[in-house]
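# Survey of secondary and tertiary structure
Okay, here's what each chain looks like letter by letter:
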Amino acid sequence: MGPHGDGDIEKVESESRRAISTVVFVIAMQAEAQPLVNKFGLTETSDSPLGKGLPWVLYQGLHKDLRIYVVCPGKDAALGIDSVGTVPASLITFASIQALQPDILINAGTCGAFKVKGANIGDVFLASDVVFHDRRIPIPMFDLYGVGLRQAFSTPNLLKELNLKIGRLSTGDSLDMSTQDESLIIANDATLKDMEGAAVAYVAELLKVPVIFLKAVTDLIDGDKPAAEEFLQNLAVVTSALEETATKVINFVHGKTLSDL
């Protein structure tokens, strides 16, 4: 992630040699999270350490000796739908890191992707790095801040073992894509488009926690179907593919150190 001071470097090096014991999945939608929750028999926490009176949902359980948490932003109080987007994602990432002290974060979810970049419906990608495409600030240095380029934690062994596709992830708060959004996504050479990833990366960098991104393709940005229609059509089958890959990641991570990844 970002630069560290000397003390931070020593801490990171020490932690990289310790077996991973706690993994937190940050997942925006209940439909994306449920297959993973079911797979590992995770239980919803009634007395959540994330805070009182909040809609955030926390599941937890053990896989062998690896503690797994899945955190979702929950339902919007007024509309009763999933609280998607960068603001809820930032809040639950911050609260999860503070309360759960994970060794590694995994932002898992669905995304749009470019078929011209080799993406197909149902593919699961590991993001190499993340950017924003809807923070347009045309002032020197602020323009770079707006893009917010951040690297995902490097996991070459995981990438090779699971034979995943890899690409840059671009984040914005809209499901559709304006002409300006499209121009920036292309300019930033992104393969994937979501509504949370870069926000999760921002918080993870602030709090110096490694983060990786698993993104499963529900819709093709350069396809011939409207994004919302294709997303809903493919959501169920793609979340199943996401769970299968997330399960493989958990099995790979178990018993390993950060430097083994």
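This text goes with the structure placed above it.
Described in the following lines is the structure provided in the data block. (Residues numbered from 1 in each chain as written. Predicted model: local features only at pLDDT ≥ 70, side-chain atom pairs only at ≥ 80, totals over all residues. Heavy atoms only, no water.)

Helices and strands together make up the secondary structure of the chain, namely eight helices and ten strands. Taken over C-alpha atoms, the radius of gyration comes to 17 Å for the chain, in line with the 18 Å a tight globule of 261 residues would show. Of all 261 residues assigned to the chain, the portion counted as buried reaches 51%. Contacts spanning at least 24 positions in sequence make up 74% of the contacts within the chain whose residues lie at least 6 apart. Accessible surface for the chain amounts to roughly 12,100 Å². Of this, 54% is attributable to carbon and sulfur atoms. If you average the places of the 22 positive and of the 33 negative side-chain charges in the chain, the two averages end up 4 Å apart. (Helix = DSSP H or I, 4+ residues; strand = E, 2+ residues; numbered from the N terminus. Rg over C-alpha atoms; globule rule 2.2 N^0.38 Å. Buried < 20%, exposed > 50% of the residue type's maximum accessible area, 1.4 Å probe, protein only. Contact = heavy atoms within 4.5 Å. Areas by Shrake-Rupley, 256 points an atom, 1.4 Å probe, with all protein chains shown as cover. Lys, Arg positive; Asp, Glu negative; His and termini not counted. Charge placed at Lys NZ, Arg CZ, Asp CG, Glu CD.)

With that settled, the discussion passes to the environment of Asp103. Among the secondary structure elements, Asp103 is positioned in the loop between helix H3 (86-100) and strand S5 (104-113). Overall, Asp103 belongs to the buried group, its relative accessible area being 11%. Those residues in contact with Asp103 that lie beyond four places of it in its chain are Arg18, Ile20, Ser21, Thr22, Val209, Pro210 and Leu258. A distance of 3.0 Å separates polar atoms of two side chains, one belonging to Asp103 and the other to Arg18. A polar side-chain atom of Asp103 sits 2.9 Å from the main-chain amide nitrogen of Thr22. (Polar contact = N/O pair within 3.5 Å; in protein donor to acceptor, adjacent residues only side chain to side chain.)

In terms of nonpolar packing, the biggest core is built from 36 residues, with Phe25, Val70 and Leu214 touching the most fellow members. Considering every element that reaches this core, the biggest residue donor is helix H8 (residues 227-253), with eight residues. Dropping the residues within four chain positions of it, Phe25 is found in contact with Leu36, Ile68, Tyr69, Val70, Val71, Ile106, Ala108, Ala246 and Ile250. If you look at the next biggest cluster of nonpolar residues, it comprises 33 residues, including Val26, Trp56, Tyr69 and Val200. (Core = buried A, V, L, I, M, F, W, Y, C linked by side-chain atoms within 4.5 Å.)

A word on the environment of His63. By the secondary structure assignment, His63 is in strand S3 (residues 57-63). With relative accessibility at 15%, the residue His63 sits in the buried group. Taking the C-alpha atoms as reference points, His63 and Ser21, separated by 42 residues in sequence, lie 10 Å from one another. The contacts of His63, once residues within four sequence positions are left out, are Phe40, Ile68, Ile250, Asn251 and His254. Here the side chain of His63 touches Asn251 through a polar contact of 2.9 Å, side chain to side chain.

Bringing the side chain of Thr191 into the picture now. Its location among the elements puts Thr191 in the loop between helix H6 (179-187) and strand S9 (192-194). Accessibility expressed as a relative area gives 6% for Thr191, which makes it buried. Contact partners of Thr191, with chain neighbours within four places excluded, come to Gly112, Ala113, Phe114, Lys117, Phe125, Gly167 and Arg168.

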